[in-house]
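Survey of secondary and tertiary structure
One-letter residues, chain by chain:
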Amino acid sequence: MPNSACVIGSGPNGLSAAIFLAQAGLRVEVFEAQSTAGGAVRTMELTLPGFRHDFGAAVFPLAAGSPFFSSLPLEKHGLEWIYPQAPVAHPLDDGTAIVLERKLDDAKRSLGQDGEVWADLLKPFVERWPEFSSELLGPLPWLPNHPFLMARFGWNGFRSARFIAHRFRSERTRALFAGIAGHSFLSLDECLSGAFGILLAVTAHAVGWPIARGGSQSLTNALCSHLGQLGGKVTTSTEINSLRQLPDCDRVLCDVTPRQLLQIAGAELTESYKRILRRFRYGPGAFKVDYALNAPIPWKSGDCARAATVHLGGSFEEIARSERLVRNGHHPDRPFVLLVQPSLCDQSRAPAGKHTAWAYCHVPNGSTDDMLGKLENQIERFAPGFHDCILARHVLAPADLQKRDSNLVGGDISGGIADLRQFVFRPSWRGYGTSAEHVYICSASTPPGGGVHGMCGYHAARSALSKLA
Ligand SMILES: Cc1cc2nc3c(=O)[nH]c(=O)nc-3n(C[C@H](O)[C@H](O)[C@H](O)COP(=O)(O)OP(=O)(O)OC[C@H]3O[C@@H](n4cnc5c(N)ncnc54)[C@H](O)[C@@H]3O)c2cc1C
């Protein structure tokens, strides 16, 4: 009889773990608390009929560039990436926008006096994306396979985003880099915030920042369909609160964060491991709004329509201030807003002639403050008349996010803050293993952390399989 495994949670990491184990011939069953699979990778009609909104992830550089996803026949299961003309646009108060071009050479030209520095910073990693991504999107290697490449990344990435941004002469390029590094949820003065900025900027050129035709659900559907073809099964509407609920199996992989792992597997974990899990720290949360619109967003700068992703926060200093305040538990008046306008390049998202938008800003973990007015002021600042386009809106405050996906603890969308300590020990020195021999953790709370890439699940499953022989 083949070995068997249970996976708790059907986010991209749970599904990746399940697929890897099914590929190896194990009997695999995935248990999902919600009525649909996918975790933060689902699409829903949150506002009006016919308007399809991504509940969580919307833009997929790490998925399209993921070494594991790239090895799967996901296109055959209906997944299609749509690449907007440019990865990201960043409007400024003078009515212009800085647009990051997809090709590094084009970006070098368009960034003018900073083009050379931008290209020097990113080129080695853009050119060697396959090697770079397979090293970076995994556990920290004791001995990297590409030591010079990784040393170069470490030398720059260990720094703060501010340190990196000071290499640029133009305020415009600094603002662009702040917006990209702002995805980290770290203060831009904190070490490692530079690494997020560099990694995401590298993906802009090496991969692009695509959206999924039909919404993020297409990625989940493709993963589930491939898993089904391999003989795996997903059972939805089944919350697992104790390992005793699971059928007999050789391995349990948990696509949950440390807080839930304590509840589910606490009875089988050692006291010292439980202490480590209790000390795990969650990061700031997200306050998210989805919009049904009667027209495209009326940007002051028409260049913003060249990208699906738009960063709203103005200058480097303004974004840095906003992120520092949030990291210190405060609510900024002018929050940094990440906005996606998927219907500009995917007509399936809204009825003919209508549009959707997705936006969130960072807030302290578990915040109950209503940020709607402040978030919309930031959109209106760069797109006057935005309010007149709104047909309907749907707000997801941190508690709402967590209700629809219990991994989003306090609205933390990254499975725990990725500061220096939790970058190295995520969630503990054991990595994917726990103190119970047959129980593994495979969520974004393990290396390489948040984002849709499935690499946490892949590496956890590899680790679980290696001990099964
Ligand atoms: C608003 C938002 C925007 C984002 N934007 C992006 C983006 O644009 N690009 C990007 O790459 N990433 C983005 N992310 C981050 C990305 O979605 C996550 O990092 C990723 O989904 C993590 O995958 P996961 O499998 O670890 O967890 P999740 O996707 O959170 O899945 C966990 C699953 O486990 C289930 N579960 C939890 N506990 C139990 C239990 N006890 N029993 C059964 N099931 C359980 C949950 O219901 C859920 O389905 C975003 C996330 C959010 C919320």
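Here the structure is shown first, and the text comes after it.
Criteria and cut-off values
Every chain's residues receive numbers from 1 upward, in the order its sequence appears when written. Totals for whole chains, interfaces and linings use all residues, but because this is a predicted model, local features are given only for residues with pLDDT of at least 70 and pairs of side-chain atoms are given and counted only at 80 or more. Side-chain figures throughout are based on the complete set of non-hydrogen atoms in the structure, without hydrogens or water. Patches here are clusters of residues that have more than 30% relative accessible area and form no salt bridge, with a 9 Å joining cutoff for like charges and a 5 Å cutoff for nonpolar side chains (Val, Leu, Ile, Met, Phe, Trp, Tyr). To measure how exposed things are, a 1.4 Å probe is used in the Shrake-Rupley method; for residues, cover is taken only from the protein chains shown. Within this document, salt bridges are pairs made up of a side-chain nitrogen of Lys or Arg and a carboxyl oxygen of Asp or Glu, the two lying within 4 Å of each other. For this count, His and the chain ends are skipped, Lys and Arg are scored as positive, and Asp and Glu as negative. Note that the charge is assigned to NZ on lysines, CZ on arginines, CG on aspartates and CD on glutamates. Helix and strand assignments come from DSSP, with helices taken as H or I runs of at least 4 residues and strands as E runs of at least 2, each series counted from the N terminus. Relative accessibility under 20% of the residue-type maximum defines a buried residue, over 50% an exposed one, and the middle range a partly exposed one, all with a 1.4 Å probe and only protein chains included. By definition here, a helix of n residues has an expected span of 1.5 Å times n minus one. At least two bridges found by DSSP between two strands are what make those strands a pair. Only the stretch in contact is used when fitting a helix axis, every axis being a line fitted to C-alpha atoms; angles between N-to-C directions are given from 0 to 180 degrees. Residues count as neighbours in contact if any of their non-hydrogen atoms are within 4.5 Å of one another. The cut-offs work like this: below 35 degrees is roughly parallel, past 145 is roughly antiparallel, 65 to 115 is roughly perpendicular, and the gaps in between are oblique. The nonpolar class holds Ala, Val, Leu, Ile, Met, Phe, Trp, Tyr, Cys and Pro. Asp, Glu, Lys and Arg form the charged class, and all remaining residues, Gly among them, are polar.

On the surface, R275, R278, R279 and R421 cluster together into a patch of positive charge. As for its position among the elements, R421 is in helix α18 (residues 420–424). Accessibility expressed as a relative area gives 48% for R421, which makes it partly exposed.

Here we come to helix α11 (residues 217–229). The end-to-end C-alpha distance of α11, which contains 13 residues, comes to 18 Å, matching closely the 18 Å that a straight helix rising 1.5 Å per residue would cover. Those residues of α11 not exposed but buried are Q217, S218, L219, T220, A222, L223, H226 and L227. Just beyond α11, the residue with positive phi is G231, at close to 100 degrees.

It is worth spelling out the sheet that holds strand β13 (residues 337–340) at this point. If you walk across this open sheet you meet the seven strands as β7-β6-β12-β13-β14-β11-β15, and the pairing is mixed. Two strands bound the open sheet, and with one partner strand each, they are β7 (97–100) and β15 (390–396). If you compare each strand with its neighbour and ignore which way they point, the axes differ by 20 degrees on average. Of the strand pairs in this sheet, β13 and strand β14 (residues 355–363) are connected by four bridges, and their pairing is antiparallel. Paired with V337 across the bridge in β14 is C361. Against the sheet, helix α9 (residues 171–181) makes contact with β6 (86–91), β7 and β12 (307–312), and its axis sits at roughly 60 degrees relative to β7, the strand it touches most.

Bringing the sheet that holds strand β10 (residues 251–254) into the picture now. Taken together, five strands build an open sheet; the order of strands is β9-β2-β1-β10-β16 and the sheet is parallel. One side of each edge strand has no neighbouring strand; the edge strands of this open sheet are β9 (233–235) and β16 (439–441). Going across the sheet, the axis of each strand differs from the next one's by a mean of 20 degrees, ignoring polarity. Where strand β2 (residues 27–31) meets β9, three bridges bridge the pair, whose relative direction is parallel. What sits directly across from F31, in β9, is T235. The sheet strands contacting helix α1 (residues 12–23) are β1 (4–8), β2, β9 and β10, and the helix crosses β2 at an angle near 170 degrees. Set on the sheet, helix α12 (residues 258–265) makes contact with β1, β10 and β16; between it and β16 the angle comes to about 165 degrees.

Turning our attention to the packing of α9 against helix α10 (residues 193–206). Where α9 contacts α10, the two axes come as close as 8 Å, and the packing angle between them is 100 degrees. In terms of their interaxial angle, α9 and α10 are classed as roughly perpendicular. Here F177, I180 and A181 of α9 come into contact with α10, specifically with S193, G194, F196, G197, I198, L200 and A201. Taken together, the residues of the contact of α9 with α10 sort by class into seven nonpolar, three polar and no charged.

Of the consecutive residues R426 and P427, the connecting peptide bond is found in the cis state with omega at -5 degrees. P448 follows P447 through a cis peptide bond whose omega is 5 degrees. Residues other than glycine seldom take positive phi values, yet F185 does so here, at roughly 70 degrees. The residue F185 is located in the loop between α9 and α10 in this model. On the basis of relative accessible area, F185 is assigned to the buried category, the value being 4%. Not every positive phi belongs to a glycine, and L192 is a case in point at roughly 85 degrees.

Remember that the coordinates give geometry; whether it matters functionally is a separate question.
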